[in-house]
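Residue-level listing of the chains:
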Amino acid sequence: MPANLPTSPQQAAEAARPLVLTAFRVVVGLLFACHGAASLFGVLGGAKGGGTVPLGQWPGWWAALIQLVGGALVLLGVGTRTAALLCSGSMAYAYFTVHQEHSLLPLQNGGEPSVMFCWAFLAIAVLGSGPYALDRLLIRRTTADPAAQPAPAGAHPGQTG
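Note that the coordinates shown come from a computational prediction; the quantities given were computed from them, not determined experimentally.

Student: How should I be thinking about the confidence of the model for the chain in this particular structure?
Tutor: Detailed reading of the predicted coordinates is not advisable wherever pLDDT falls low. Averaged over every residue, the pLDDT of the chain is 86; the share at 70 or more is 86%. Mean pLDDT across the elements of the chain ranges from a minimum in helix α6 (residues 134-142), with 80, to a maximum in helix α5 (residues 112-127), with 97. Per-residue pLDDT stays below 50 along residues 155-161; that stretch engages in one contact with residues further than four places along the chain or on separate chains.

Encoded structure:
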């Protein structure tokens, strides 16, 4: 049996962690961005069953903008922790200002999506983007081995400074 295959359920779960984290980030970001697109552009059924949120309306239009941009950033894995924290906070705000005034529990006040998105984005903010994110690709390009970089004009091989 090859040495790199997991031999226990725990090892299999650990080996799957990077892919599961990436898939979780992508799905949550995509769903959140879809909510924003629906509210801003009236696509995918529109805002609350049709139409769009009026431009600049507080807090609906701004929340939709956070959903679209923040969801897209999380989906792509760009500025993931910051975007996820902003998305999480926006959903906490939505829950406490829109839903909780009707009833205490999310099942009674229709706030389940807000609560689920809030906690999902908080988990992403804590866990990070995972290994398959645009941030990782960009970091690799900017932190490449300095020895592999071309020497400045007029510099001699082996010269530093």
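Moving on from the coordinates now.
Student: Teacher, can you tell me more about the side chain of Arg25 here?
Tutor: Among the structural elements, Arg25 can be located in helix α1 (residues 9-41). No salt bridge is formed by the buried Arg25, whose closest oppositely charged neighbour, Asp135, lies at an N-O distance of 8.4 Å. Within polar-contact distance, the side chain of Arg25 engages the backbone oxygen of Tyr132 at 2.4 Å.

Student: I keep staring at the pattern of salt bridges and nothing clicks. Help me out?
Tutor: Side chains that differ in sign of charge can pair as their charged atoms come close. Throughout the structure, instances matching the rule amount to one salt bridge. Measuring nitrogen to oxygen at the nearest pair gives 3.1 Å for the salt bridge that ties Glu14 to Arg17. Taken together, the positions of Glu14 and Arg17, both in helix α1 and three residues apart, correspond to about one turn of that helix.

Student: Hey, could you run me through the layout of surface pockets in this one?
Tutor: Where empty space is left becomes clear once a probe the size of a water molecule has been rolled over the atoms. If you add up the space inside the largest pocket, you get close to 880 Å³. Residue lining of the largest pocket: 32 residues in total, with Lys48, Gly60, Ala63, Gln67 and Ala94 positioned closest to the centre. Put simply, the parts of the chain that give the lining of the largest pocket at least two residues each are α1, α2 (60-76), α3 (80-99) and α5. Broken down by element, the residue count for the lining of the largest pocket peaks at seven residues, all from α3. When grouped by side-chain class, the residues that make up the lining of the largest pocket number 19 nonpolar, twelve polar and one charged.

Student: Whenever I open this one, the environment of Pro6 confuses me. Can you help?
Tutor: Inspection of the secondary structure puts Pro6 in the segment before α1. Apart from residues no more than four positions distant in its own chain, Pro6 is found in contact with Gln11 and Ala12.

Student: How should α2 be read in this particular structure?
Tutor: With 17 residues, α2 should reach 24 Å at 1.5 Å per residue; the first-to-last C-alpha distance of 24 Å fits that figure. Within the sequence span of α2, burial applies to Trp61, Ala64, Gln67, Gly70, Gly71 and Val74. One or two steps after α2, the chain reaches Gly77, where phi turns positive at roughly 80 degrees.

Student: When you look at the environment of Gln11 in this model, what are you seeing that I'm missing?
Tutor: Take Gln11: it is sitting in helix α1. Under the relative-accessibility criterion, Gln11 is labelled partly exposed at 40%. A distance of 2.6 Å separates the side chain of Gln11 from the side chain of Thr7, its partner in a polar contact.

What counts, and where the lines are drawn
- Residues numbered from 1 in each chain as written.
- Predicted model: local features only at pLDDT ≥ 70, side-chain atom pairs only at ≥ 80, totals over all residues.
- Heavy atoms only, no water.
- pLDDT = per-residue confidence, 0-100.
- Helix = DSSP H or I, 4+ residues; strand = E, 2+ residues; numbered from the N terminus.
- Contact = heavy atoms within 4.5 Å.
- Buried < 20%, exposed > 50% of the residue type's maximum accessible area, 1.4 Å probe, protein only.
- Lys, Arg positive; Asp, Glu negative; His and termini not counted.
- Salt bridge = Lys/Arg side-chain N within 4 Å of Asp/Glu carboxyl O.
- Polar contact = N/O pair within 3.5 Å; in protein donor to acceptor, adjacent residues only side chain to side chain.
- 1 Å grid on protein atoms, 1.4 Å probe; cavity = no way out; pocket = protein on both sides within 12 Å on 5 of 7 lines; lining within 4 Å.
- Points joined across faces, edges and corners; volume = space filled by probe spheres on them.
- Nonpolar A, V, L, I, M, F, W, Y, C, P; charged D, E, K, R; others polar.
- Expected span 1.5 Å × (residues − 1).

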